[in-house]
Amino acid sequence: YRYLAPSVGQFFIFDVDVILAAKNCFEGLSDRNTPRRRAAASKCCHTPTMTTATHFVMTSGGCGGAHITKRRHPARPSAISPGRLRTAPKTPVNVASRRKCLTVVANVVPQGDALPPPAVFNAVLATAEKKAAQDLSTTLVLGFSAGALIGIGALLMSCVGASSPALATANPGLCNFLKGAVGLPAGLTLVILTGAELFTGNVMTMCSGLLAKRIEAGALFRNWLLSYAGNFIGSIVMAYLAFGAKTASAPAAKAAVVGIATSKVSLSFGVALCKGILCNWLVCLAVWGTMASTSVAGKVLAIFWPITAFVTLGFEHSVANMFLIPHGMLNGAQITVKDMMLNNILPVTLGNVISAVIFVAGLHFWAYGRQN
């Protein structure tokens, strides 16, 4: 059923009835004098044969498949008698038929630049299975990479968007937007394009796989633990590297990084929890958008708006804070490790998990996965 003519860029289209009728004709020829042969021949005489049509049917995901479509152009009537079936022409014979046809398409490209939401959810489940089968060292190393890359984005945000005191005084809204647009979108883009293991995105991915019964609970917790530990180590290493490079040596930049760290540990538990919920809801939707897009440009755009929104609105991301608070401490912020963990990292991480489990994984599983 798969015949591709690359030279003319066409696919053969077959009537389903034609295939069955031809099968019956060939079976009937084995016994020429049976009623079965005569019935098959009679059916074949009144059944259209096959036609060709230009390739215009596509599927999502780039995989070939069978699809129902209608002919573009009417064709000429024709038929093959049972006696001439053996000597039927090798080339397609055009026929007049308005019935639906079965089109077989191979190696096709998805139509448009994005997958539909149910297909995106299936992509999330496939990613969860891949992460569950990954060895421990790979998950830990890629977690380290994700923490370092998010740290680079947070450093860029601190040294560019947050180091503009005049702009912050004259136009605080524009200053907040600048902090959101410059920094963390770049960090998450690097994470996605390199395949790094970001804890906040993994919560959504692995929880989706668990709800759909595609992975075991042990694989979920193993991935969460290793990616979280790797993110923390990578963020701390990046904080020390940024401090050693004196990236915040300018008075405005130093004041910015110290002020950011101090403000983050001054939040109450409830406020930090709610900010964490709102933040990772947007972050997971950014990750969802990258899975929906089939191009690098589409992935970058899918990341930009959700991440810019959460930074501009002042929400809290646990992995970004693993860099921002230690970096502020190295530059003179009066913060202890206990303050960092209890006043920020713990409630923000809990909020990040809640939003990923309920508002992204759970919501989309209910919409697209529970039927299966």
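Residues numbered from 1 in each chain as written. Predicted model: local features only at pLDDT ≥ 70, side-chain atom pairs only at ≥ 80, totals over all residues. Heavy atoms only, no water.

Visitor: What exactly am I supposed to notice about the environment of T205 here?
Guide: Relative to the assigned elements, T205 resides in helix α8 (residues 199-211). We classify T205 as buried; its relative accessible area is 2%. With residues near it in sequence (within four places) discarded, T205 still touches V124, T127, A128, K131 and M291. (Helix = DSSP H or I, 4+ residues; strand = E, 2+ residues; numbered from the N terminus. Buried < 20%, exposed > 50% of the residue type's maximum accessible area, 1.4 Å probe, protein only. Contact = heavy atoms within 4.5 Å.)

Visitor: Explanation requested: the packing of aromatic side chains in the structure shown.
Guide: Any aromatic ring pair is given by two values, namely how distant the centres are and how the planes are angled relative to each other. Across all of its chains, the model carries seven aromatic pairs by this definition. Ring plane angle 80° and centroid distance 6.4 Å describe the contact between F199 and W224, whose orientation is recorded as edge-to-face. Highlighted residues: F199 in helix α8 and W224 in helix α9 (residues 217-244), separated in sequence by 25 residues. Residue F199 shares its accessibility class with W224, and that shared class is buried. (Phe/Tyr/Trp six-rings, centres within 6.5 Å; stacked < 30°, edge-to-face > 60°.)

Visitor: It is not clear to me how the state of the cysteines should be interpreted in this structure. Could you clarify?
Guide: By definition, a disulfide links the sulfur atoms of two cysteine residues through a covalent bond. Counted by the stated rule, this structure contains zero disulfides. You can see C279 has no disulfide; the closest cysteine sulfur is in C284, sitting 8.9 Å from it. (Disulfide = S-S within 2.5 Å.)

Visitor: How do you make sense of the confidence of the model for the protein chain when you look at a structure like this?
Guide: Parts of the model with low pLDDT should not have their predicted coordinates read in detail. Averaged over all residues, the pLDDT of the protein chain is 80; the fraction at 70 or higher stands at 70%. In this model residues 1-15 is a low-confidence stretch, pLDDT under 50, and it forms 43 contacts with partners more than four residues away in sequence or in other chains. Low pLDDT (under 50) marks residues 90-109, which in the prediction has 79 contacts with non-local residues, meaning those over four places away or in another chain. (pLDDT = per-residue confidence, 0-100.)

Visitor: Quick question: what am I supposed to make of the side chain of N352 here?
Guide: Within the secondary structure, N352 sits in helix α14 (residues 337-369). On the basis of relative accessibility, which here comes to 0%, the residue N352 falls in the buried class. Side chain to side chain, N352 and S318 meet in a polar contact 2.9 Å long. Residue contacts for N352: discarding those within four places in its chain leaves T200, G276, I277, C279, N280, E316, H317 and S318. (Polar contact = N/O pair within 3.5 Å; in protein donor to acceptor, adjacent residues only side chain to side chain.)

Visitor: Please explain the environment of V300 as it appears in this structure.
Guide: Checked against the element boundaries, V300 lands in helix α12 (residues 296-312). Expressed as a C-alpha distance, the spacing of V300 and A186, which sit 114 residues apart in the sequence, is 8.6 Å.

Visitor: Teacher, can you tell me more about unusual backbone geometry here?
Guide: Apart from glycine, the bulk of residues carry a negative phi angle, and the bulk of peptide bonds sit in the trans form. Positioned with a positive phi, K213 is a non-glycine residue whose angle comes to about 60°. Given a relative accessible area of 76%, K213 falls into the exposed group. Phi angles above zero are rare outside glycine, and K246 is one such case at about 55°. Mapped onto the elements, K246 comes out in the loop between α9 and α10 (251-265). By relative accessible area, which is 61% here, K246 ends up exposed.

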